[in-house]
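Descriptive structure summary
Spelled out, the chains give:
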Amino acid sequence: MSKNKINLLSLLLFIPLLSFSQYFEGGAVAGLSASQVDGDTYSGFNKLGILAGGWVRRMFTYSVGGQLEVRYIMKGAYESENIDDAYLYRLALHYADIPILINFHYRERVLFEIGLSPGVPGLSQGR
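Notes on the structure in this doc start here. Model, not experiment: these values are computed from the prediction.

1. What about the pattern of salt bridges?
In this structure the tally under the stated criterion is 3 salt bridges. R71 is the partner of D97 in a salt bridge, and the nearest nitrogen-oxygen pair spans 3.8 Å. One end of the pair, D97, is in strand β4 (residues 88-97); the other, R71, is in strand β3 (residues 64-80), and 26 residues separate them in sequence. Judged by its relative accessible area of 6%, D97 falls in the buried class.

Printed below as a string of structure tokens:
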């Protein structure tokens, strides 16, 4: 390799070390979701679902930041009259949620969040 190419390659490799980069935090979300479907004539949070995803946060000031999440969430309804009855109602809805949040850190362990959570429905199964 010529000396000019080595100098150029060295310069391209070491410039990012001298520049200021942005600071992002990230994490994972996992848990259970209890949901109720409006208008199905059944009441109660009888359907447990899975919630899983990840998030990334960027602090704008010491106490205010923005957060973006991508989550899979399973919602639906379930009803069985009794064990001896053959009647069973089950509705499973699979969603991809993309919450866009503003965070406000009040104290070290107190965090308030506000934002929108658009959801995109996927496949549904009902019986």
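2. Thoughts on the packing of aromatic side chains
As enumerated under the stated definition, the model contains 1 aromatic pair in all. With 6.3 Å between their ring centres and 65° between their planes, Y106 and F112 make a pair best called edge-to-face. For the cation-ring pair, K75 lies above Y95, with the distance from its terminal atom to the ring centre recorded as 4.5 Å.

3. Description of the pairing of strand β6 (residues 110-116)
Pairing analysis gives 7 bridges linking strand β5 (residues 100-107) to β6, with the strands arranged antiparallel. Looking across to β6, one finds that F104 is bridged to F112. Here β5 folds back onto β6, and the loop between the two strands holds 2 residues.

4. Quick look at the environment of S117
By the element assignment, S117 lies in the loop between β6 and β7 (119-126). When its relative accessible area of 41% is taken as the criterion, S117 is described as partly exposed. Once the C-alpha coordinates of S117 and L68 are considered, the two residues, 49 residues apart in sequence, prove to be 9.7 Å apart.

Scoring rules and cut-offs
Residues numbered from 1 in each chain as written. Predicted model: local features only at pLDDT ≥ 70, side-chain atom pairs only at ≥ 80, totals over all residues. Heavy atoms only, no water. Salt bridge = Lys/Arg side-chain N within 4 Å of Asp/Glu carboxyl O. Helix = DSSP H or I, 4+ residues; strand = E, 2+ residues; numbered from the N terminus. Buried < 20%, exposed > 50% of the residue type's maximum accessible area, 1.4 Å probe, protein only. Phe/Tyr/Trp six-rings, centres within 6.5 Å; stacked < 30°, edge-to-face > 60°. Lys NZ or Arg CZ within 6 Å of the ring centre and 35° of its normal. Pairing = 2+ DSSP bridges.

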